[in-house]
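Overview (structure and organization)
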Amino acid sequence: MHIRDFVRRRHAPAHPSTHSDLAARVCSELAADLPDEDVGEDLDDCLALYELGSKPRCEEVEYLGMVQEAIERIERGE
């Protein structure tokens, strides 16, 4: 698995207000799953600002995977 696989482009939501409510809920769930992390409402920033090598490799992969999964859930509208 490569770290670059976690950085993908997002597509515009079909319904912005529904999207923002969903995004807030998903971010809240992610913050609960990662209590020691500073998870903001812009998950793309979490990936863009993340410094590779700042965590042990297994933790890094798990963190980046969880953030990417949250982004994909928002994109799918889940």
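Structure shown above.
To keep things clear, this report deals only with the structure shown in the data block. The numbers attached to residues start from 1 for each chain and follow its sequence in the written order. With pLDDT at 70 or above as the cut-off, local features in this predicted model cover only qualifying residues; side-chain atom pairs require 80 or more to be listed or tallied, and sums for whole chains, interfaces and linings still use all residues. Computation of side-chain values covers all heavy atoms of the structure but excludes hydrogens and water.

**Some words on the overall build of the protein chain**
When its secondary structure is counted, the protein chain shows three helices and zero strands. Secondary structure elements of the protein chain occur, N-terminal to C-terminal, as α-α-α. Here's how the labels work: a residue is buried when its accessible area is under 20% of the maximum for its type, exposed when over 50%, partly exposed in between, all with a 1.4 Å probe on protein chains only. A burial count over the protein chain gives 29% of its 78 residues as buried. When contacts within the protein chain are restricted to residue pairs at least 6 apart in sequence, those whose partners lie at least 24 apart make up 64%. Under the scheme used here, helices are H or I runs from DSSP no shorter than 4 residues and strands are E runs no shorter than 2 residues, and both carry numbers assigned from the N terminus. Contact criterion: two residues are considered in contact whenever any of their non-hydrogen atoms come within 4.5 Å of each other.

**What about the side chain of Lys55?**
Among the structural elements, Lys55 can be located in the loop between helix 2 (43–49) and helix 3 (57–76). Every residue in contact with Lys55, bar those within four places of it in the chain, is listed here: Glu37, Tyr50, Glu60 and Tyr63.

**Points about the packing of aromatic side chains**
Only the six-membered ring of Trp is used, alongside the rings of Phe and Tyr, when aromatic pairs are assigned; centres must lie within 6.5 Å, and planes under 30 degrees apart are stacked while those over 60 apart are edge-to-face, with the rest tilted. Scanning the entire structure with this criterion turns up one aromatic pair. When the ring of Tyr50 is compared with that of Tyr63, the centres are 5.4 Å apart and the planes differ by 35°; the resulting orientation is tilted. A residue pair is termed long-range when its members are at least 10 positions apart, and Tyr50 in the loop between helix 2 and helix 3 and Tyr63 in helix 3 qualify at 13 residues. A single burial state applies to Tyr50 and to Tyr63, both of which are buried. Here Lys55 stacks its cationic end above the ring of Tyr63, 5.0 Å away from the centre of that ring. Note on geometry: a ring has a charge over it if NZ (lysine) or CZ (arginine) is within 6 Å of the ring centre and within 35 degrees of the ring normal.

These figures come from the coordinates and say nothing about function on their own.
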